[in-house]
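# Observations on chain architecture
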Amino acid sequence: MSVPKVSVLIPVYNAERFLPQCLDRVSNQTLKDIEIICINDGSKDGSLGIMESYAKNDSRIRIIDKVNTGYGHSLNMGIMDARGEYIGIIESDDFPELNMFEILYGEAKKHNLDVSRCNFFFYNTEKDSKVKTDIPY
């Protein structure tokens, strides 16, 4: 079994409203050699069903289903299960650019980095607007 370039962790708690958009964007990344680990933290909405539906159609998606123990514990479980060369974290209400992991992975390899990060946009659904963060390096 080959090692994926990136293990993408998605901690999920009651995120059915945004989860399909998130999973669409992560599963359609231009970097295809990824695994997607969804950690269901005891969601009481339809989140688990959404994850199961996506996992049926994409063998790269795995689900950790557990009782609610919080965000940190969820990420730790995902990290312990990850097989990738790098680990990426996406929140369940995020929708990354389709080439995000390809760019981050490429930069990490090119410069022999342990960590690669990027800016992000705040998206306001009421105004249909994006505001870019400015993270200094």
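Here's what I pulled together on the structure shown here.

## Structural notes on helix 2 (residues 47–57)
Residues of helix 2 that are buried: Ser47, Ile50, Met51 and Tyr54. An end-on view of helix 2 places all buried positions within 95° of arc, on one side of the element. Taken together, the buried residues of helix 2 touch strand 1 (6–12), helix 1 (19–27), strand 2 (34–41) and strand 3 (61–66).

## What to know about helix 1
Taken together, the buried positions of helix 1 are Leu19, Cys22, Leu23, Val26 and Ser27. Axial view of helix 1: buried residues confined to an arc of 115°, hence all on one face. Buried residues along helix 1 sit in contact with strand 1, strand 2 and helix 2.

## Describing the packing of aromatic side chains
With the rule as written, the count across this model stands at one aromatic pair. Between Tyr86 and Tyr105, the ring centres sit 5.8 Å apart and the planes meet at 90°, which makes this aromatic pair edge-to-face. In this pair, Tyr86 sits in strand 4 (residues 86–89) while Tyr105 sits in helix 4 (residues 100–110), placing the two residues 19 residues apart along the sequence.

## Points about the sheet that holds strand 2
On the basis of which strands lie adjacent, the open sheet formed by four strands has the order 3-2-1-4 and parallel pairing. Either end of the sheet is taken by a strand with one partner, and the two such strands are strand 3 and strand 4. Strand-to-strand twist in this sheet, taken as the mean axis angle between neighbours without regard to direction, amounts to 20°. Looking at chain direction, strand 2 and strand 3 are connected through six bridges and run parallel. Bridged to Cys38 within strand 3 is Ile63. Its contacts with the sheet put helix 2 on strand 1, strand 2 and strand 3, and the angle it makes with strand 3 is roughly 155°.

## Looking at the pattern of salt bridges
Under the criterion given, the structure shown has seven salt bridges. Across the pair Glu35 and Arg83 runs a salt bridge whose closest N-O atoms are separated by 2.9 Å. Of this pair, Glu35 sits in strand 2 while Arg83 sits in the loop between helix 3 (71–81) and strand 4, and the two are 48 residues apart along the sequence. Residue Glu35 is classed as buried on the basis of its relative accessible area, which comes to 2%.

## Considerations on the packing of helix 1 against helix 2
The contact between helix 1 and helix 2 brings their axes to 10 Å, and the two run at 25°. Viewed along their axes, helix 1 and helix 2 adopt a mutual orientation that is roughly parallel. Like other packed secondary-structure pairs, helix 1 and helix 2 cross with a definite hand, here right-handed. Across the interface between the two elements, Leu19, Pro20, Leu23 and Asp24 of helix 1 pack against Ser47, Ile50, Met51 and Tyr54 of helix 2. Taken together, the residues of the contact of helix 1 with helix 2 sort by class into six nonpolar, one polar and one charged.

What counts, and at which threshold
- Residues numbered from 1 in each chain as written.
- Predicted model: local features only at pLDDT ≥ 70, side-chain atom pairs only at ≥ 80, totals over all residues.
- Heavy atoms only, no water.
- Buried < 20%, exposed > 50% of the residue type's maximum accessible area, 1.4 Å probe, protein only.
- Helix = DSSP H or I, 4+ residues; strand = E, 2+ residues; numbered from the N terminus.
- Arc of directions from axis to C-beta.
- Contact = heavy atoms within 4.5 Å.
- Phe/Tyr/Trp six-rings, centres within 6.5 Å; stacked < 30°, edge-to-face > 60°.
- Pairing = 2+ DSSP bridges.
- Axes fitted to C-alpha atoms, helices over the stretch in contact; angles between N-to-C directions.
- Salt bridge = Lys/Arg side-chain N within 4 Å of Asp/Glu carboxyl O.
- Parallel < 35°, antiparallel > 145°, perpendicular 65-115°, else oblique.
- Left-handed = near helix turned anticlockwise from the far one by under 90°.
- Nonpolar A, V, L, I, M, F, W, Y, C, P; charged D, E, K, R; others polar.

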